[in-house]
Amino acid sequence: MKTTSRKLVKESTTKFVGESVLRKEGIQKLTGDAKYIDDVKFPNMLYGATIRSKIPRGKIKNVTFKDGASDKFSWQDFIIVDYKDIPGENYVALIEKDQPYLASEKINHAEEPILLLAHEDKDLLEEARRLIEVEVEKEEPLLTLKDSLEKIKIIKGSDNVLKSYLVEKGDIEKALKEADMVIEGVYETGLQEQLYIENNGMIAVFNKKDGITVWGSMQCPYYVQKAVTNLFNLPPEKVRIVQMETGGGFGGKEDFPSILAGHAALLSYKAGGRPVKMIYDRSEDMAVTTKRHPSFTRHKTAVNKDGKIIGMDIEFYLDGGAYLTLSSVVLSRGLLHATGPYFTPNVKITAKALMTNNPPNGAFRGFGAPQSVFAIERHMEKIARAVGITSENLRKKNFLKDGDTTATKQIINDKVDLKKLVDHALKESDFLKKRNLFDKENRKDSQMIKKGIGLSCFMHGAGFTGSGEKYLASVAGVTVGGDGRIKILAANTEMGQGKNTVFSQIAADALGISVDLIDVVQPDTAVVPNSGPTVASRTTMIVGKLVETAAKELKERLQDNNYLQKKGYSDDEFSLECKKYIKKNGELKILKRYDIPPEIKWDEERYEGDAYGTFAWAVYIAEVSIDLVTFQTKVERFTALQEVGKVVNPILAEGQIEGGVAQGIGYALYEKVICKEGRVINNGFTNYIVLTSDDTPDIKVLFEESPYRHGPQGAKGIGELPLDGTAPAIMNAIEHALGCKNKNEFNYIPFLPEDLFSVLEKN
Amino acid sequence: MKKTNKKKETGKKTRITCVINKKIYSFNVHPMMRALDLIREEAELTGTKEGCGAGECGACSIILDGKLVNSCLIPAIDLDGGDILTVEGISEKNKLSKIQKSFLERGGAQCGFCTPGMIMASYDLLKRYKNPTLKDVKEGLSGNICRCTGYTKIFDAVLSMKKIMKK
């Protein structure tokens with residue numbers, strides 16, 4: 001596996017950022033000691049289950065509790081909760097007040113929760129679940145994005161729209177009239193399931209005096225706190241949320257945990273305070289939780305015959321499902337990445353999130369950008385063909401340069417030469433030589449394995465969009481414990497991405513000590529400040545910066561007060577000075593609040609200005625082989641080159657890219673969510689296919705660094721980046737292998753062997 | 001250990017005895033109990049995880065009588081007389097084994113949930129192949145799904161063991 005050279009950390013290193021420091025919580029993960037929520041049980045604990053609607057749309061008419069078969073079964077022994085038991089407000093507090101915790105009468109999607117049950121015995125609980133019959137008066141549902149767009153039926157307002165945006169720059173109509181050619185294309189992407197290996201789970205305990213405590217698998221403890229306080233009408237100090245070791249999230253545990261936490265808490269409340277554990281099994285988790293929004297994008301591009309793009313007219317649509325949840329933000333990010341890393345003087349982007357009677361869609365790594373970047377990077381191939389130049393030359397002709405403006409009139413200033421970045425990627429992947437070689441080999445009719453190579457160029461804006469970070473006003477910091485050890489205080493959660501290690505490295509360098517003296521406090525709303533959610537590739541760049549600033553200030557506080565006077569000091573000396581300070585002053589704790597850098601200007605009203613503080617830029621190259629006998633496409637080799645500001649931890653950073661590329665390969669070629677009458681029917685590993693080790697290609701990861709002024713030691717966010725460019729690079733490679741007849745052949749994903757079969761059959 | 005022939009009444013618990021990580025255990029098992037439940041709940045060894053309950057993801061992998069198996073598919077009753085190794089038995093006296101150390105140094109674990117199963121599968125692979133190639137490793141681990149790493153660093157971790165084994 002070729003990667004950039006990196007050295008394992010040596011004992012004597014004094015600078016930690018840039019080194020592959022060992023994972024902070026690695027040992028317990030390797031020995032099996034790490035505690036995930038299902039590894040924990042409480043005395044007197046009950047298990048909880050959810051009764052859901054089997055049909056996507058209608059009105060609840062009746063609920064019947066049939067008799068149990070076994071002697072041990074009695075409905076008296078069950079805790080049963082419905083919407084009437086909710087002490088506070090029956091909606092999941094997030095953005096819009098539209099999603100109920102428990103349906104009262106209207107059913108808007110299949111799997112919508114109606115009742116909750118709890119019992120000591122898991123088997124009796126399962127028996128009970130099957131004995132409850134919910135009679136729903138069916139209504140005709142709206143189940144596809146297309147149907148919703150075409151208003152086959154109206155289920156919301158006058159046009160089914162949950163949220164819409166319109167972004168305009170220059171004069172697109174004029175550009176389309178004056179251009180030498182107008183290239184049109186339509187691109188579609190499907191649902192994708194996050195498929196974290198650890199299913200969603202929570203344990204809740206209600207206490208009349210102290211309030212509610214919930215432990216579980218989650219990305220955003222403060223989101224859960226906000227939702228549960230609203231559900232119970234309790235003040236925040238009475239709702240304590242604790243993150244357990246979390247087995248993957250990828251956005252699938254951004255907002256959904258608020259629902260599961262609320263459900264478990266309601267059962268504990270009704271059970272007089274007994275602890276209630278709710279762990280979904282795989283089939284429930286896959287059927288009921290949020291997924292990546294399906295998308296439909298229409299491009300109409302004004303291009304001159306020299307290849308210069310003079311206008312882009314883009315329509316970008318997402319299937320939001322039955323409730324808004326995060327769709328407005330996914331839509332926003334999608335549209336802001338829709339023009340790709342290209343300059344165009346005239347733009348019109350019409351973006352809409354549509355309501356359907358599908359389970360609500362939500363966050364999944366990339367968050368709208370994988371959808372819109374798929375479209376533009378496929379569309380660039382169509383434009384290149386029409387103009388008669390190569391893929392790479394078309395991109396070089398149109399790349400954003402420093403001083404150019406984006407669709408929202410943000411002036412690019414990242415000091416990244418995209419032409420050089422492409423050349424670097426082409427060289428590392430041997431692109432030109434392979435393209436010629438494959439062209440030659442593919443021409444032989446007897447060749448049953450066709451090979452292709454394709455590229456994609458893209459960027460990803462880290463952090464919340466626009467004024468998002470300003471409104472979050474994240475707080476994070478450092479303190480020193482009585483043991484003289486440094487503790488990092490932040491609500492961001494470790495879910496495998498390496499946050500514990502990265503924060504420790506950043507703090508270590510800022511304090512001039514080693515990572516071994518630093519502990520990262522477990523995210524617990526009773527203990528850590530609200531540093532915002534662990535999403536949007538913001539943890540290192542935004543919160544890591546707060547940690548760095550706080551750590552620097554802590555060191556200065558010591559020095560300014562005549563502690564730590566030595567130029568260089570050992571960990572022990574540092575620790576001792578801290579203890580002396582605490583003895584005299586009581587506490588040593590520094591918290592910093594996010595302040596938007598003055599040069600970042602965003603107008604929320606006009607939707608104009610600096611959408612993101614900075615972007616990470618990337619060029620990905622996929623090499624595929626296509627078996628014309630089995631119709632299987634295999635990714636043989638993958639080159640992932642990205643500019644990321646500063647690589648904080650090479651092994652962890654590579655790991656993020658490799659894992660993201662694997663998910664992107666799945667997005668393109670394997671992962672298809674199949675629904676029937678509004679319900680997911682392939683809700684299991686058996687026929688929702690994700691990459692196994694045997695499917696994994698050689699992935700070459702390369703980094704370039706153009707430090708971001710406001711990132712910790714220059715670091716930008718990178719977690720979501722790989723999901724944006726992987727799928728289009730693969731589809732571009734397939735198109736290269738098989739040729740294109742301009743009949744929309746490779747413009748939708750997932751693209752399974754049966755899809756290839758039908759394309760080849762038609763041609 | 002010899003297997004005993006016990007009459008099993010429907011729903012009635014059966015007493016079994018087995019060795020887990022070199023320690024002898026005895027349990028009363030319900031006929032519907034899975035080996036996974038016995039290990040996690042009765043023996044309270046929660047290192048082994050449940051990812052799918054259907055034998056697809058490998059998070060529940062253990063070694064039973066020398067064979068790598070999905071403990072979610074094995075009836076607990078079948079553990080009677082068995083010799084079981086779980087992830088807790090891989091490290092000895094709070095010291096990481098060589099394969100665990102290799103995973104730690106090479107970034108083979110991210111969220112950690114597939115890790116215990118992946119360690120068991122790697123351990124099993126390295127017992128069967130003295131000099132595994134990348135192809136052997138890819139095949140040998142194909143029963144263990146990881147969603148975080150893209151497997152690349154897991155391959156690094158297992159293949160780097162060849163050098164260690166040679167020493």
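Here the structure is a predicted model, which means the values were calculated and not measured. (Residues numbered from 1 in each chain as written. Chains lettered and ligands numbered in written order. Predicted model: local features only at pLDDT ≥ 70, side-chain atom pairs only at ≥ 80, totals over all residues. Heavy atoms only, no water.)

A. Main features of the pairing of strand S2 (residues 58-65) of chain A. All names here are of chain A. Summarising the sheet, S2 and strand S4 (residues 106-107) pair through 2 bridges and their orientation is antiparallel. Bridge pairing in S4 links Gly58 to Ile107. Strand direction decides the pairing type here: S2 and strand S6 (residues 132-138), joined by 7 bridges, are antiparallel. Bridged to Thr64 within S6 is Glu133. (Pairing = 2+ DSSP bridges. Helix = DSSP H or I, 4+ residues; strand = E, 2+ residues; numbered from the N terminus.)

B. How the structure looks around helix H11 (residues 418-429) of chain A. Residues and elements named next belong to chain A. Over its 12 residues, H11 extends 16 Å from the first C-alpha to the last, a length consistent with the 16 Å expected when each residue adds 1.5 Å. Those residues of H11 lying buried are Leu418, Leu421, Val422, Ala425, Leu426 and Ser429. The buried residues of H11 occupy one face: seen down the axis, they fall within an arc of 135 degrees. H11 presents Lys420 and Lys427 as exposed residues on the side facing more than 90 degrees away from its buried surface. (Expected span 1.5 Å × (residues − 1). Buried < 20%, exposed > 50% of the residue type's maximum accessible area, 1.4 Å probe, protein only. Arc of directions from axis to C-beta.)

C. Quick peek at the nonpolar core. Ranked by internal contacts, the top residues of the largest apolar core, which has 92 residues, are Tyr620(A), Phe638(A), Ile730(A), Ile734(A), Phe103(B) and Val158(B). When near neighbours in sequence (up to four residues on either side) are disregarded, Ile734(A) contacts Val624(A), Ile626(A), Thr633(A), Leu669(A), Phe746(A) and Phe751(A). Counting 59 residues, the second-largest nonpolar core is a separate cluster that includes Leu162(A), Phe316(A), Ala351(A) and Val619(A). (Core = buried A, V, L, I, M, F, W, Y, C linked by side-chain atoms within 4.5 Å. Contact = heavy atoms within 4.5 Å.)

D. The state of the cysteines, seen in detail. Taken as a whole and assessed by the stated rule, the structure comprises 0 disulfides over all chains. The thiol sulfur of Cys52(B) is not disulfide-bonded, and the nearest other cysteine sulfur, from Cys57(B), lies at 3.7 Å. (Disulfide = S-S within 2.5 Å.)

E. Representation of the sheet that holds strand S16 (residues 449-461) of chain A in the model. All names here are of chain A. The strand order S16-S23-S24-S27 describes an open sheet built from 4 strands, whose pairing is mixed. Strand pairing shows two members of the sheet lacking a second neighbour, S16 and strand S27 (698-704), which therefore form its edges. Within the sheet, the average angular offset between the axes of one strand and its neighbour, ignoring direction, is 15 degrees. Pairing of strand S24 (residues 633-643) with S27 involves 7 bridges; the strand directions are parallel. (Axes fitted to C-alpha atoms, helices over the stretch in contact; angles between N-to-C directions.)

F. Summary view of unusual backbone geometry. Residue and element names in this part refer to chain A. The omega torsion of the bond from Ile749 to Pro750 falls at 5 degrees, within 30 degrees of zero and hence cis. Counting through the fold element by element, Pro750 comes out in the loop between strand S28 (748-749) and helix H19 (753-762). Not every positive phi belongs to a glycine, and Glu111 is a case in point at roughly 75 degrees. Relative to the elements of secondary structure, Glu111 occurs in the loop between S4 and strand S5 (113-119).

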